[in-house]
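# Fold and contact review
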Amino acid sequence: SGINAEWHYGRALNRLILFASRRALSTTTKFNSSNVPVLQTELFINNEFVPAQSGKRLEVINPSSGSIVCDVAEADSTDVDIAVAAANKAFEYGSVWRTMDASERGRLMYKLADALERDVDYVAALESIDNGKPFKDSKNADCALAINCLRYFAGWADKVQGKTIPADGSTFVYTKHEPVGVVGGITPWNFPLLMAVWKLSPILACGNTVVLKVAEQTPLTALYLAKLAKEVGFPPGVINILSGYGPTAGEAIARHPNINKVGFTGSTEVGKLIQQASGETNLKRVTLELGGKSPNIIFDDCDLDQAIAGAHMGLFFNVGQCCCAGSRIYVQESIYEKFVKKMVEKAEQRVLGDPFDPKTNHGPQIDDVQMEKILGLIESGKAQGATLETGGQRFGDKGYFVKPTVFSNVQDHMDISTTEIFGPVMQVASFKDTDEVIERANNTEYGLAAAVFSKNIDRIHHVTSALKAGHVWVNAYNVLSVQSPFGGYKQSGFGRDLSEYALSHYTEVKCVTTAIPQKNS
């Protein structure tokens, strides 16, 4: 039945997404929107919380209510210089960090994960007032996955190693994988804690130091993570975390001559600016995880209830504020009308409201700017001839909620079909055959993710091979694990987060060749 298919699908997602930590799934807490204390509001530099040199502050807004949570220090280029100097000092040859056993680096990361797990209720509540997402998602998804990520890369710390090479001639040749040095990280607001940990984990496992600029909208959980890092014993200067704006603090990181690598997650437009800044300065390494407009292909031989559940999760998870959201849904003609009807019913069952209410499963957009952008694109969809099946409006008069929205009769040229909306707006188009849908699915500047729902194994292999995307799901969507790489093709960026693949971005390979009197096998 449909209920059983959805239950089995949800169980698989829970195993891979929600049950990532050892803690039990939880939906309730002693915290609410009015009793979450904010403990850290300054910049974290050289293991101390310090005000911005300029004295400037920026407001943090609760997206669920539109009210001010607090204000935090606003970093600019001067603060970036100070943080980079601290990170460089921590990375000096012979420093405590450089001479520390790799296994000890891993132990510190394990301790950081344990501290985060200890305080998980508070951190999840902080994330919910900062970002607006339901508490149960903050705790059971974001925090759980962050804890899992730290532990995974902690295990890698003493396993990053080179090779001995049987080179020609009387030589002894080996390689070393050395840390690149000071790394700049720039993270987005959609998964504030999780994206910070995605960046920090491989950086630290490989022995680098870091200056991390978090999104100005959502700095609070990363600043608390900094407090935990000091508590568990990370040396001064290894981890530096700044709150600030992209055009000031972010650009200063991208252009800094003493930063050797930048890892960025965010929009394609800003990713291009970071790549340009690298070329105009010191040619620092860059990895970019950027935007997407991911196709989700539903064939008529699929398990329809499974496809409905997967497509729903693929678009409405985190209220559509996912770079890999399956926003272009292609459904084969023979099941199109049935799919749309069931999807509308499911969208209308979503519960919007207080993030601390266990019933809530649909939070607000991050701010008024994002909400108005989404509403504008909805209007363009209506004007260009798509059929608005449900939603399409703001919900309530407080906060930045947009009703779950489903469009049918969507054509590929429409703005809603080509623009990354980053909101709860589903576009459902129909297709006839496999060759047609492959061509349409690939007809985009993006290539982050895609999905295929079918029971035909030959078709599945054919389509997954043809799709130009970095991550392709089969009969699932948004199933992510730290052991699997994540990143895109084309203008969705380059490089990979997570998994063993991420480690290569944070080390330099040094080859050492020594002349010897005689080589023997």
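### With respect to unusual backbone geometry
- Positive phi, normally seen in glycine, also occurs at N409, with a value near 55°.
- The topology assignment puts N409 in the loop between β17 (405–408) and α14 (415–418).
- Given a relative accessible area of 39%, N409 falls into the partly exposed group.

### Focus on the environment of T28
- With respect to the helices and strands, T28 occurs in the loop between α1 (2–18) and β1 (43–45).
- The spacing of T28 and K136 is 108 residues in sequence and 7.3 Å in space, taken between C-alpha atoms.

### Looking at the sheet that holds strand β5 (residues 164–165)
- Overall, antiparallel pairing links the three strands, which are arranged β5-β6-β24 in an open sheet. A single partner strand is all that each edge strand has here, and the edge strands are β5 and β24 (507–515).
- As paired strands, β5 and strand β6 (residues 171–179) are joined by two bridges and run antiparallel to one another. Considered in β6, the bridge of I165 is made with V173.

### Re helix α2 (residues 77–90)
- For α2, built from 14 residues, the straight-helix expectation of 20 Å at 1.5 Å per residue is met to within 8% by its first-to-last C-alpha distance of 20 Å.
- Of all the positions in α2, only D79, V80, A83, V84, A86, A87 and A90 are classed as buried. Buried residues in α2, looked at end-on, bunch into an arc of 160°, giving them a common side.
- Looking at the buried residues of α2, the elements they touch are β1, α3 (96–99), β7 (182–186), β8 (209–214), β9 (239–243) and α9 (246–255).
- The N-cap of α2, judged by a side-chain oxygen 3.0 Å from the amide nitrogen of T78 a few residues on, is D76.

### Observations concerning the pattern of salt bridges
- Per the counting criterion, the structure on display carries 25 salt bridges.
- D71 is the partner of R57 in a salt bridge, and the nearest nitrogen-oxygen pair spans 3.0 Å. Of this pair, R57 sits in strand β3 (residues 57–61) while D71 sits in strand β4 (residues 68–73); the two residues are 14 residues apart in sequence, bridging distant segments of the chain.
- Given the relative accessible area of 32%, R57 is considered partly exposed.
- For D71, a relative accessible area of 35% gives the class partly exposed.
- One salt bridge connects R285 with E508, and the closest N-O pair in it is separated by 2.9 Å.

### Things to note about the layout of surface pockets
- Size it by volume and the largest pocket reaches roughly 910 Å³.
- Looking at the largest pocket, it is lined by 34 residues, and the ones nearest its centre are F264, T265, G266, S267 and V270.
- Taken together, the elements giving at least two residues each to the lining of the largest pocket come down to α9, β10 (261–265), α10 (268–280) and α13 (368–383).
- Residues belonging to the lining of the largest pocket are distributed by class as follows: 15 nonpolar, eleven polar and eight charged.

### Considering the packing of aromatic side chains
- Applying the stated rule across the entire model yields 13 aromatic pairs.
- With 5.0 Å between their ring centres and 90° between their planes, Y152 and F153 make a pair best called edge-to-face. Taken individually, Y152 and F153 each receive the classification buried, so the pair is uniform in this respect.
- Consider the rings of F299 and F431, whose centres lie 5.4 Å apart with planes at 85°: the pair is edge-to-face. One end of the pair, F299, is in the loop between β12 (295–298) and α11 (304–316); the other, F431, is in strand β18 (residues 425–431), with 132 residues separating them in the sequence.

### Notes on the state of the cysteines
- Here the structure, examined in full by the defined rule, presents zero disulfides.
- The closest cysteine sulfur to the non-disulfide-bonded C70 is located on C143, 17 Å from its own sulfur.

### Brief notes about the side chain of S417
- Locating S417 in the fold gives a position in helix α14.
- Ignoring anything within four residues of it in the chain, the contact list for S417 reads K293, R328, V410, Q411, D412 and Q427.

### Digging into the nonpolar core
- By size, the foremost hydrophobic cluster in this structure holds 109 residues, and its most contacted members are L116, F153, F234, I241, I298, F339 and V428.
- Broken down by element, the residue count for this core peaks at eleven residues, all from helix α6 (residues 135–156).
- In terms of nonpolar packing, the next biggest core, distinct from the first, is built from 26 residues, A86, I274, V286 and L288 among them.

### Remarks on empty space enclosed by the protein
- For the structure shown, the criterion picks out eight cavities of 30 Å³ or more.
- There is about 290 Å³ of room inside the largest cavity.
- Contributions of two or more residues to the lining of the largest cavity are made by α6 and α7 (192–205).
- Each residue belonging to the lining of the largest cavity can be placed in one class, and the counts come to 16 nonpolar, four polar and two charged.

### Section: the confidence of the model for the protein chain
- Mean pLDDT over the protein chain works out to 95, with 95% of the residues at or above the 70 mark.
- With pLDDT under 50 throughout, residues 1–23 is counted as low confidence; its partners more than four residues away or in other chains account for 48 contacts.

### Some thoughts on the sheet that holds β18
- Read from one edge to the other, the open sheet built from seven strands follows the order β14-β17-β18-β13-β12-β20-β21, with strand pairing classed as mixed. Edge positions in the sheet fall to β14 (387–390) and β21 (471–474), since each of these pairs with one other strand and no more. Adjacent strand axes in the sheet meet at a mean angle of 20°, parallel and antiparallel pairs treated alike.
- Relative to strand β20 (residues 449–453), β12 runs parallel, the two sharing three bridges. Residue pairing across strands places I298 opposite F453, the latter belonging to β20.
- Along the sheet face, α13 touches β14, β17 and β18 and points at about 25° away from the line of β17.
- Sitting on the sheet, helix α15 (residues 434–442) is in contact with β12, β13 (328–332) and β18, with an inclination near 145° to β18.

About the criteria used
- Residues numbered from 1 in each chain as written.
- Predicted model: local features only at pLDDT ≥ 70, side-chain atom pairs only at ≥ 80, totals over all residues.
- Heavy atoms only, no water.
- Helix = DSSP H or I, 4+ residues; strand = E, 2+ residues; numbered from the N terminus.
- Buried < 20%, exposed > 50% of the residue type's maximum accessible area, 1.4 Å probe, protein only.
- Pairing = 2+ DSSP bridges.
- Expected span 1.5 Å × (residues − 1).
- Arc of directions from axis to C-beta.
- Contact = heavy atoms within 4.5 Å.
- Polar contact = N/O pair within 3.5 Å; in protein donor to acceptor, adjacent residues only side chain to side chain.
- Salt bridge = Lys/Arg side-chain N within 4 Å of Asp/Glu carboxyl O.
- 1 Å grid on protein atoms, 1.4 Å probe; cavity = no way out; pocket = protein on both sides within 12 Å on 5 of 7 lines; lining within 4 Å.
- Points joined across faces, edges and corners; volume = space filled by probe spheres on them.
- Nonpolar A, V, L, I, M, F, W, Y, C, P; charged D, E, K, R; others polar.
- Phe/Tyr/Trp six-rings, centres within 6.5 Å; stacked < 30°, edge-to-face > 60°.
- Disulfide = S-S within 2.5 Å.
- Core = buried A, V, L, I, M, F, W, Y, C linked by side-chain atoms within 4.5 Å.
- pLDDT = per-residue confidence, 0-100.
- Axes fitted to C-alpha atoms, helices over the stretch in contact; angles between N-to-C directions.

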